[in-house]
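Per-entry structural report
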Amino acid sequence: MSIKSFFKTIATKLKTVVAKKDSLSSNANQKQKGKNPNTQNSSKKTKNNKQGPKKNQNQQHNPANNKNNNQQGKRDQNNKQNAKQGNKPQQQGGNKQNNKQKNHPQKPQQQKQSQQADKGSISREEIAKALQEDKFFAIPPVELSWDASEFQVPVVDDKKRFHEFDLPNPIMHAIYDLGFQYCTPIQAETLDKTMSGLNVAGKAQTGTGKTAAFLISILKRMLSNVESRPIKVGRPAALVLAPTRELVMQIQKDAEALGKYCGLRSIAIFGGMDYDKQLKTVLEAPVDLVAATPGRLLDFCRNHVLDLRGIQTLVIDEADRMLDMGFIPDVRRIVRLLPEKNMRQTLLFSATLNDEVMRLAEQWMPNPVQVSVDPEHGTVDTISQLVYPIAAREKFTVLYNILKSDKYGRTIIFRNRKRDCEELVYRLARQGITAEMLSGDVDQKKRCRILEDFRSGKVKLVVATDVAGRGIHVDDISLVVNYDFPYEADDYIHRIGRTGRAGTMGTAVSFACEDESFIIPDIETLLGEPLHCQQPSDELFAEVPAPTTDVPRKKPASNNGSGPHARGFGGGRKPQGNFRRGPRPPKK
């Protein structure tokens, strides 16, 4: 047999096989079409009858289904009538949706939206509609009753007046209301450069007036270019990034005070507060300036609430603290959302301009102008610094006698750890001294209430950690006590910067015990001068009386299973297995 004939026979066999399969499938379809519908109903009826009693038994055992027994009986009767008439019976599972609607009725969409409105949440449609609207924010005119000639400041050598910077009347009016006369060193060094559009990296400690320096520059730029001010919701013109919530709130308050005659609208965005409440403030009207912490700002940007492509001025405040707290990756993400660095002005301020901070400055701004205010010309000359070399057991005695001397008004006491703050507040309360505590774990609403009471004078004494204390910007703080020396020399500068602000005099007292004195040489190197150490007077060693107040002792947060010394088992971990304290029992 040839090859051609072989393949022809195989092809014919395959054709016959395919034809047989097609004929079998067509016959099967015709048989299914010719089935009696009554037989289908009867088969389904038998299935329902088999399943029905089982479900009824389950319903009897389940008290939640006893209410539906009458409905089940009516359904069975209808099934019998339908079977006689040739109709399909009502299957038991066929009305599950109806039962669910009766037992758990679904709420209409309008009712859901009304409930969301009651809760304060905003739908995406409302956000998109608000972002598309053009809401013009008019600049109120300067009050005609105020004349710039009323603001008279005498000329003094080595001091610059605000009159020398050719500021608009709305800004001068606000400066006059705030009682400012002469520029601080950081203001005198930076205002000329920032108002001319240069990028600046400034070195200045807390309390030197750097916030007013960059706010005045932003205000003048907005007033000189009114047409470039934002007219769309969620598209600000200036952005200020800060590491702490308290600092963000303080910057926003200063912006309101300096821009109250400029029509400036500023908002504060930070975590720990109601998201919807901050969202409503963003959508109310166009925003000129946004002061924010990096995390919450990224949330708004991811939800397309804020558009940062119109930013004209970027300010990064306390860049060294941003670096220490690990915010630099978030700041980099935010910078990518801004215009190119050649298309915006960037200002960076830090207590120290080391190599790491300057590398960041060069990444975010081209050709930064470095401005440095020496410590001797900053806040240190307005602060009397004292170091008491005492033992750790003598700290509370000296502190108690300092507070009882009534020489000082508002006072801040710094400690390194949260549980140490709790312990000190408890010991002071037993002696009848009321103090509030500020730490990273304090609720934001309570923290805001404590700061407001501290500003108003209701609270005279606050015990704080470095993280919480960095955002305390309160005037007229007369005393700062370093109960513990900080772990880093930079933190010492920020601590004592809470007092001696804006040219006022203040006092900083530090307790140097045997455990913490190693940091003093680094602090002296940073200050450029030695610290004044002296022994406390005999009055400060007076014996502390017995506790007069019975105060319930709060359990430290570290004993709740999260601290490093909780229950003595390394961070609160419970012992595994049959763990027995004490000596091992003798072997039998």
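**Focus on the pairing of strand S4 (residues 289–292)**
Every second residue of S4 is oriented toward a common face, with Leu289 and Ala291 on one face and Val290 and Ala292 on the other, all of them buried. Here four bridges tie strand S2 (residues 238–241) to S4, and the two strands are oriented parallel to one another. Residue pairing in the sheet places Leu239 in a bridge with Val290 of S4. As paired strands, strand S3 (residues 266–269) and S4 are joined by four bridges and run parallel to one another. Along S4, the bridge assignment pairs Ile269 with Ala292.

**Digging into helix H20 (residues 489–496)**
For H20, a buried count of seven out of eight residues is recorded, marking the element as mostly surrounded by other parts of the structure. By the burial criterion, the buried members of H20 are Ala489, Asp491, Tyr492, Ile493, His494, Arg495 and Ile496.

**Remarks on the sheet that holds strand S11 (residues 461–464)**
If you walk across this open sheet you meet the six strands as S8-S13-S12-S9-S11-S10, and the pairing is parallel. The strands lining the two open edges of the sheet, one partner per strand, are strand S8 (383–389) and strand S10 (436–438). Here the average twist between neighbouring strands, direction ignored, is 20 degrees. As paired elements, S10 and S11 share three bridges and run parallel to each other.

**Some points on helix H11 (residues 275–284)**
Along an α-helix, residues three or four positions apart point the same way, because every turn accommodates 3.6 residues. For H11, the full list of buried residues reads Asp276, Gln278, Leu279, Val282 and Leu283. The buried side chains of H11 occupy one side of the element, clustering within an arc of 160 degrees when seen end-on. The exposed residues of H11 that point more than 90 degrees off its buried face are Lys277 and Glu284. Its side-chain oxygen at 3.3 Å from the backbone nitrogen of Asp276, Asp274 defines the N-terminal cap of H11.

**Re the packing of aromatic side chains**
Following the criterion strictly, the structure yields six aromatic pairs and no others. Ring centres 4.8 Å apart and planes at 25 degrees place the aromatic pair Tyr275 and Phe300 in the stacked group. Of this pair, Tyr275 sits in helix H11 while Phe300 sits in helix H12 (residues 294–302), and the two are 25 residues apart along the sequence. Judged by its relative accessible area of 22%, Tyr275 falls in the partly exposed class. Note on Phe300: relative accessible area 0%, which makes it buried. With a centroid separation of 6.5 Å and 15 degrees between ring planes, the pair formed by Tyr388 and Phe511 is classed as stacked. Of this pair, Tyr388 sits in strand S8 while Phe511 sits in strand S13 (residues 506–512), and the two are 123 residues apart along the sequence. A cation over a ring is seen here: Lys159 above Tyr182, with NZ or CZ 5.3 Å from the ring centre.

**Topic: unusual backbone geometry**
Residue Asp158 is not a glycine yet carries a positive backbone phi of 65 degrees. Looking at the element boundaries, Asp158 is found in the loop between helix H6 (124–132) and helix H7 (169–178). By relative accessible area, which is 84% here, Asp158 ends up exposed. In this structure, Glu318 takes a positive phi of about 55 degrees despite not being glycine. Position of Glu318 among the secondary structure elements: in the loop between strand S5 (313–316) and helix H13 (319–324). For Glu318, a relative accessible area of 2% puts it in the buried group.

**Concerning a negative patch on the surface**
Judged by side-chain charge, Asp324, Asp355, Glu356, Glu488 and Asp522 come together as a negatively charged surface patch. Note on placement: Asp324 falls in helix H13. On the basis of relative accessible area, Asp324 is assigned to the exposed category, the value being 56%.

**Some details on the environment of Ser478**
Mapped onto the secondary structure, Ser478 falls in strand S12 (residues 477–482). Apart from residues lying up to four places away in sequence, Ser478 is in contact with Tyr408, Gly409, Arg410, Thr499, Gly506 and Thr507.

**Details of the pattern of salt bridges**
The tally for this structure, following the rule as stated, stands at 19 salt bridges. A salt bridge links Arg235 to Asp307, with the nearest nitrogen and oxygen atoms 2.6 Å apart. Of this pair, Arg235 sits in the loop between helix H9 (210–224) and S2 while Asp307 is found in the loop between H12 and S5, placing the two residues 72 residues apart along the sequence. One network of salt bridges, in which partners are shared, links Lys395, Arg415, Asp484 and Glu516.

Scoring rules and cut-offs
Residues numbered from 1 in each chain as written. Predicted model: local features only at pLDDT ≥ 70, side-chain atom pairs only at ≥ 80, totals over all residues. Heavy atoms only, no water. Buried < 20%, exposed > 50% of the residue type's maximum accessible area, 1.4 Å probe, protein only. Helix = DSSP H or I, 4+ residues; strand = E, 2+ residues; numbered from the N terminus. Pairing = 2+ DSSP bridges. Axes fitted to C-alpha atoms, helices over the stretch in contact; angles between N-to-C directions. Arc of directions from axis to C-beta. Polar contact = N/O pair within 3.5 Å; in protein donor to acceptor, adjacent residues only side chain to side chain. Phe/Tyr/Trp six-rings, centres within 6.5 Å; stacked < 30°, edge-to-face > 60°. Lys NZ or Arg CZ within 6 Å of the ring centre and 35° of its normal. Patch = residues over 30% accessible without salt bridge, like charges linked within 9 Å, V, L, I, M, F, W, Y side chains within 5 Å. Areas by Shrake-Rupley, 256 points an atom, 1.4 Å probe, with all protein chains shown as cover. Salt bridge = Lys/Arg side-chain N within 4 Å of Asp/Glu carboxyl O. Lys, Arg positive; Asp, Glu negative; His and termini not counted. Charge placed at Lys NZ, Arg CZ, Asp CG, Glu CD. Contact = heavy atoms within 4.5 Å.

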